[in-house]
Protein chains: 2
Amino acid sequence: MFSVDIYKQRRNALKKAVGKGIILFFGNEEVGMNYKDNTYHFRQDSSFLYFFGLDKPNLAAVINIDEDLEILLGNEPTIDDIVWMGTQPSVTEIAAQTGIFKVTGLRELGVLVKKSVASRQEIHYLPPYRSETIIKLSEILSVPFDQVKGGASATLIKGVVAQRSYKSDLEIAEINKAVNISNEMHLAAMRHSAEGVTEKYVAGIVEGLALSAGGNIAYPVIYTVNGQTLHNHPTNNKLKKGQLVLCDSGAETPTHYAGDLTRTFPVNQKFSQLQKQVYQIVLQAEEAAANSLKPGIRFLDVHLIACEKLVEGLKDLGLMKGDVKEAVSRGAHTLFFQCGLGHMMGLDVHDMEDLGEQYVGYSEGMIKSKEFGLKSLRLGRELESGFVLTVEPGLYFIPELMDMWQAEGKLKDFINYDKLSAFRDFGGARVEENFLITDNGYQLLGEPLIKSVVDIEGLSRF
Amino acid sequence: MFSVDIYKQRRNALKKAVGKGIILFFGNEEVGMNYKDNTYHFRQDSSFLYFFGLDKPNLAAVINIDEDLEILLGNEPTIDDIVWMGTQPSVTEIAAQTGIFKVTGLRELGVLVKKSVASRQEIHYLPPYRSETIIKLSEILSVPFDQVKGGASATLIKGVVAQRSYKSDLEIAEINKAVNISNEMHLAAMRHSAEGVTEKYVAGIVEGLALSAGGNIAYPVIYTVNGQTLHNHPTNNKLKKGQLVLCDSGAETPTHYAGDLTRTFPVNQKFSQLQKQVYQIVLQAEEAAANSLKPGIRFLDVHLIACEKLVEGLKDLGLMKGDVKEAVSRGAHTLFFQCGLGHMMGLDVHDMEDLGEQYVGYSEGMIKSKEFGLKSLRLGRELESGFVLTVEPGLYFIPELMDMWQAEGKLKDFINYDKLSAFRDFGGARVEENFLITDNGYQLLGEPLIKSVVDIEGLSRF
Ligand SMILES: [Mn+2]
Ligand SMILES: [Mn+2]
């Protein structure tokens, strides 16, 4: 964790932004995989980390703004806890680490909230995504499970987003570390991609490196010869010469800051002519988008720059036709690029996704689109210095979608449907890098990782 | 999954055992780490796997015994699902894989249950451990969430335990695979344990190997220089020459059968004299316990054989004194061996732990003890051919516990408290192997993995 003053400052700024009432923060609990005590790697809630820095399960916090009181709730360790889990600090010791000097047991949460209800205080909480938190809120507030999320506080969400959106130098240093670990994961992925090994074999090496670096993966490793499937899981199928692999993976540091990179490369290092052409369209779109990053530009417009570059390339390739800008404005490119160009990144790989994309990626005057394609653009708003984000254009050849559009004759003035059959088995390609928005433009995060055809084909194996 | 007939036979046997009413089975859902869509590795519920073999999230099943009807509940994939997750089978196709020909949407579960309630059918379900399942049951049955677990069906639990306790040849073949992957994990752990690398560095390699083999870890990797802490997490502390490392780790296969091995070994391969002495006491206890495995013996008695061996060794070491059998019957050994000798293993590493240890590890005439030490013995009952279990004695030097006992003068006729100070920093040692109970005795599962001092010290590094 950072120094205690940082957490106190963050909480003070939050209290000011929220104004009045009480704020409930829930740390995450351990989750059992196949029975209660066989748990996944513990992941603390990111806003809890941001405002308290405490990376332990079974904690909650109450900030009573009206009484200027901060309370940490947790249960004291027993001798059984010490036998099974080692020497444990007391709740008082844990609280002191984040500058809180009032503690109580978790069971007191209901009592505290009832007092606030009785005195008609506003009760603020963030939208819960873990079922344990939903159960707790349902019980404490006496509302049905399915009404808990709806009761989350927009004021609190805005207050949290207003701070977490701007990364401090300390945070940027952590993100640089995360990206550099991610770089090592990608180099290992390229080097181990050879005929005869399975996708899971390589994905296991990639995930192991994230763990070995002291943190964890920031999100499930995508390592697949079916890059057209955006969130594919690695399989036990063996790689074949000539296949194109898409690897989207990133580490989070021990402090839980994320990196998020994608590279696309051939099994056995040699691109086919067609793979090279498609890959270079994506790479050029990525570079054009990155070069346009600066404070003041809307990320929606950066997205559209990338889309135009993709359409230009697809026209050269013979898959598209017509006016580029019109094709993009009509959404014709979404047959091949169905998603958004990128997202904010920080303590979450999709930073603050739990708080709602409208709050995080858009602004009050800019409502997120519901159209196919743009509805998956997580970030659309005007960029500001201190934002950290990804740029990740791609081309994805999804047979089911191509068939659907072709059957409808959809946007046939822009798409050469007769040329699609050669791409049914192509897969997909994506290039993704992470950037900080600076006062004057942008800065690549982490050391540069190879991405040109020449560099990928020339990578020494071991 | 195995052939469809196996699942049909298992369900038929279960229907017979339960007799009447309806049975609700809940598959697991994905769980978000730090927001809803950033999920952990999906782990299906083990009983759902056992009776249906379907390894996908968001499924449920209803078996109406009275009407001899089996229904699989799931939601059909949308075009968005295909874009993001690839070609998806329909629920009908999924159901057919397990021999079920009636399907409906997940929302129908409440309707089906209401019909059963109205016609006064008994409703059987297993104790839930995931909060998502607790929420569903609370809603469907209109009971408060904290009363859901109490309503689980003892009849159903017994019916499930009666089948899952006896491993078939196909299951044993899977467990052998899991143990052999676990062997590779341990060899890598020993080879990478060198001064200057962190615990997490080695633990990451170990976990990566489990993933690379196509499945996952069967439980969180324990790799620690504080082996006295039974469920320690690896840290970012660097290993030092002279330290003793305890590694407890195992893989699960792609079909989710577990292996569970522990080895204890020195950083840089060379045991100190004291480490060698303690380690060999543990090893002898493990071998004595394993050699006594056979149908008809109570595992409680195997546990006590190991405890006596440990006390004999501790007497030789000067830490204990007095009559061995009396020391064990008084529980004096629990200062150094605080837990149980082993547990059932199968689709769960602690097999069926979610169903309750009294049902799985004990019998109607044999109630699990509440005493310190024996309360942690997960398996006590008479062994039968077809059981698969672990044997894992250890010696754990826990300063807080030694101080507590010494202050009380507890069982001081058996413990040489003045000798303990030399062991405050020792740590802990454990050896664990996995066995099948056969008609005549036992069989080691997996290939033998080195465990003698000579073999560990002599292991070639790379
Ligand atoms: Mn991304
Ligand atoms: Mn075990």
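Since the model is a prediction, treat every value here as computed from it, not as a measurement.

Asks: What should I look at first to understand helix α1 (residues 4–18) of chain A in this one?
Replies: Because the α-helix completes a turn every 3.6 residues, residues three or four places apart line up on one side. Residues and elements named next belong to chain A. The terminal C-alpha atoms of α1, which comprises 15 residues, lie 21 Å apart, in line with the 21 Å expected from a rise of 1.5 Å per residue. Along α1, the residues that are buried comprise Ile6, Tyr7, Arg10, Arg11, Leu14, Lys15 and Val18. In the segment just after α1, Gly19 is the residue with positive phi, at about 90 degrees.

Asks: Mind showing me how you'd approach the coordination of the manganese ion (ligand 2) here?
Replies: Ideal donor angles around a metal are set by the shape: a four-donor tetrahedron calls for 109.5 degrees, a six-donor octahedron for 90 or 180 degrees. Residue and element names in this part refer to chain B. Only Asp260 (OD), His343 (NE2), Glu392 (OE) and Glu432 (OE) from the protein reach the manganese ion (ligand 2) as donors, at distances of 2.1 to 2.4 Å. Sequence spacing among the residues donating to the manganese ion (ligand 2) works out to D-x82-H-x48-E-x39-E. Of the two residues, Asp260 sits in the loop between β9 (251–252) and β10 (261–266) while Glu392 sits in the loop between β11 (388–391) and β12 (394–396), which places them 132 residues apart along the sequence. Side by side, Asp260 and Glu392 carry an identical accessibility label, which is buried.

Asks: Looking at this model, I keep getting lost on the pairing of strand β3 (residues 69–73) of chain B. Mind explaining?
Replies: Residues and elements named next belong to chain B. Across the five residues that make up β3, a large majority, four, are buried. Relative to β3, strand β2 (residues 60–64) runs antiparallel, the two sharing five bridges. Bridge pairing links Ala61 to Leu72 in β3. What sits between the antiparallel neighbours β2 and β3 is a turn of four residues, in which Asp68 has the positive phi angle 50 degrees. With two bridges connecting them, β3 and strand β4 (residues 103–104) associate as parallel partners. The residue of β4 that forms the bridge with Leu72 is Val103.

Asks: Is there a simple way to explain the coordination of the manganese ion (ligand 1) in this structure?
Replies: All names here are of chain A. Coordination of the manganese ion (ligand 1) by the protein comes from Asp260 (OD), His343 (NE2), Glu392 (OE) and Glu432 (OE), over a distance range of 2.1 to 2.3 Å. Between consecutive donors of the manganese ion (ligand 1), the numbers of intervening residues give the motif D-x82-H-x48-E-x39-E. Linking Asp260 in the loop between β9 (251–252) and β10 (261–266) with His343 in the loop between α12 (324–330) and α13 (357–361), this pair joins segments that are 83 residues apart in sequence. For the pair formed by Asp260 and His343, the shared burial category is buried.

Asks: Would you explain helix α11 (residues 299–317) of chain A in this entry?
Replies: Residues and elements named next belong to chain A. A rise of 1.5 Å per residue sets the reference length of α11, with its 19 residues, at 27 Å; its end C-alpha atoms lie 27 Å apart and thus fit the reference within 8%. Taken residue by residue, α11 has Phe299, Leu300, Val302, His303, Ala306, Cys307, Glu308, Leu310, Val311, Gly313, Leu314 and Leu317 as its buried positions. Buried residues belonging to α11 abut α10 (273–291), α12, β11 (388–391) and β12 (394–396). A positive backbone phi angle near 90 degrees is found at Gly318, which sits one or two residues after α11.

Asks: Explain the interface of chain A and chain B here, please?
Replies: Accessible area lost upon the coming together of the parts is a frequently used measure of interface size. In this complex, chain A contributes 70 residues to the contact, which on the side of chain B involves 71 residues. Roughly 5700 Å² of surface becomes buried between chain A and chain B when both sides are summed, with 58% attributable to carbon and sulfur atoms. Between chain A and chain B we count zero salt bridges in total. Linking chain A to chain B there are 29 residue pairs in polar contact (both at pLDDT 80 or more). Residue assignment for the side of chain A that touches chain B shows that the elements contributing at least two residues are α3 (79–85), α6 (131–141), α9 (199–212) and α14 (399–408) of chain A.

Asks: I'm lost on the UniProt feature "domain: Aminopeptidase P N-terminal" (unreviewed entry) in chain A in this one. Help?
Replies: Mapped onto the present numbering, the UniProt feature "domain: Aminopeptidase P N-terminal" (unreviewed entry) falls at residues 2–134 of chain A. Taken end to end, residues 2–134 of chain A has its terminal C-alpha atoms 29 Å apart, with 38% of it in helix and 15% in strand.

Asks: For this particular structure, what's the right way to read the packing of aromatic side chains?
Replies: Two descriptors summarise a pair of aromatic rings, namely the distance from one centre to the other and the angle between the planes of the rings. Residue and element names in this part refer to chain A. Scanning all chains against the criterion turns up 25 aromatic pairs over all chains. Among the aromatic residues, those joined into a ring-pair cluster are Phe25, Phe48, Tyr50, Phe51 and Phe52. Just above the ring of Tyr50 sits the side chain of Arg10; from NZ or CZ to the centre is 3.8 Å.

Asks: Mind showing me how you'd approach the pattern of salt bridges here?
Replies: A side chain of one charge can pair with a side chain of the opposite charge if their charged atoms are brought near each other. As enumerated under the stated definition, the model contains 56 salt bridges over all chains in all. With its nearest N and O atoms 2.9 Å apart, the salt bridge here joins B:Lys15 to B:Glu70. Placement of B:Lys15 in helix α1 (residues 4–18) and of B:Glu70 in strand β3 is noted, with a sequence separation of 55 residues between them. A relative accessible area of 14% means that B:Glu70 is categorised as buried. With a closest N to O distance of 3.3 Å, B:Lys20 and B:Glu122 form a salt bridge. With B:Lys20 in the loop between α1 and β1 (22–26) and B:Glu122 in the loop between α5 (108–118) and β5 (123–125), this pair connects stretches of sequence that are 102 residues apart. In this structure, a network of salt bridges that share partners links the residues A:Arg263, A:Glu286, A:Glu287, A:Glu433 and A:Lys451.

Asks: I would appreciate a short explanation of the sheet that holds strand β4 (residues 103–104) of chain A in the present structure.
Replies: Backbone-to-backbone hydrogen bonds join strands into a sheet, with any given pair of strands oriented parallel or antiparallel. All names here are of chain A. Reading across the sheet, the five strands line up as β4-β3-β2-β1-β5 and stay open at both edges, with mixed pairing between neighbours. In this open sheet, the two strands that pair with only one neighbour each are β4 and β5 (123–125). Sheet analysis places strand β1 (residues 22–26) next to β5, joined by three bridges and oriented parallel. Paired with Ile23 across the strands is His124, a residue of β5. Of the strands in this sheet, β1, β2 (60–64), β3 (69–73), β4 and β5 touch helix α5 (residues 108–118), which is tilted by about 150 degrees from β3. Across the face of the sheet, α6 comes into contact with β1 and β5 while running at roughly 145 degrees to β1.

Asks: Sorry, what's going on with the domain arrangement of chain A here?
Replies: Residue and element names in this part refer to chain A. Domain parsing of chain A yields domain 1 (4–164) and domain 2 (169–457). Using only C-alpha atoms to locate each centre, domain 1 and domain 2 end up separated by 35 Å. Counting residues at the interface gives 18 residues for domain 1 and 17 residues for domain 2. When the two sides are added together, the surface that domain 1 and domain 2 hide from each other amounts to roughly 1500 Å², 59% of it contributed by carbon and sulfur. Area buried by domain 1 at its contact with domain 2 is led by Arg43, Val161 and Arg164, which between them contribute 35% of it. Counting the contacts that link domain 1 with domain 2 gives four salt bridges. Looking at the side of domain 1 that touches domain 2, the elements that each hand over two or more residues are α1, α2 (46–52) and α7 (154–164). The element best represented in the side of domain 1 that touches domain 2 is α7, accounting for six residues. Here the residues of the side of domain 1 that touches domain 2 are counted per class, giving ten nonpolar, two polar and six charged.

Cut-offs and rules
- Residues numbered from 1 in each chain as written.
- Chains lettered and ligands numbered in written order.
- Predicted model: local features only at pLDDT ≥ 70, side-chain atom pairs only at ≥ 80, totals over all residues.
- Heavy atoms only, no water.
- Helix = DSSP H or I, 4+ residues; strand = E, 2+ residues; numbered from the N terminus.
- Expected span 1.5 Å × (residues − 1).
- Buried < 20%, exposed > 50% of the residue type's maximum accessible area, 1.4 Å probe, protein only.
- Donors = N, O, S within 2.8 Å, 3.2 Å for Na, K, Ca; no water.
- Pairing = 2+ DSSP bridges.
- Contact = heavy atoms within 4.5 Å.
- Buried area = accessible area lost by both parts, 1.4 Å probe.
- Salt bridge = Lys/Arg side-chain N within 4 Å of Asp/Glu carboxyl O.
- Polar contact = N/O pair within 3.5 Å; in protein donor to acceptor, adjacent residues only side chain to side chain.
- UniProt positions renumbered as here; feature names shortened; annotations may be inferred.
- Phe/Tyr/Trp six-rings, centres within 6.5 Å; stacked < 30°, edge-to-face > 60°.
- Lys NZ or Arg CZ within 6 Å of the ring centre and 35° of its normal.
- Axes fitted to C-alpha atoms, helices over the stretch in contact; angles between N-to-C directions.
- Domains from an automatic or database assignment.
- Nonpolar A, V, L, I, M, F, W, Y, C, P; charged D, E, K, R; others polar.

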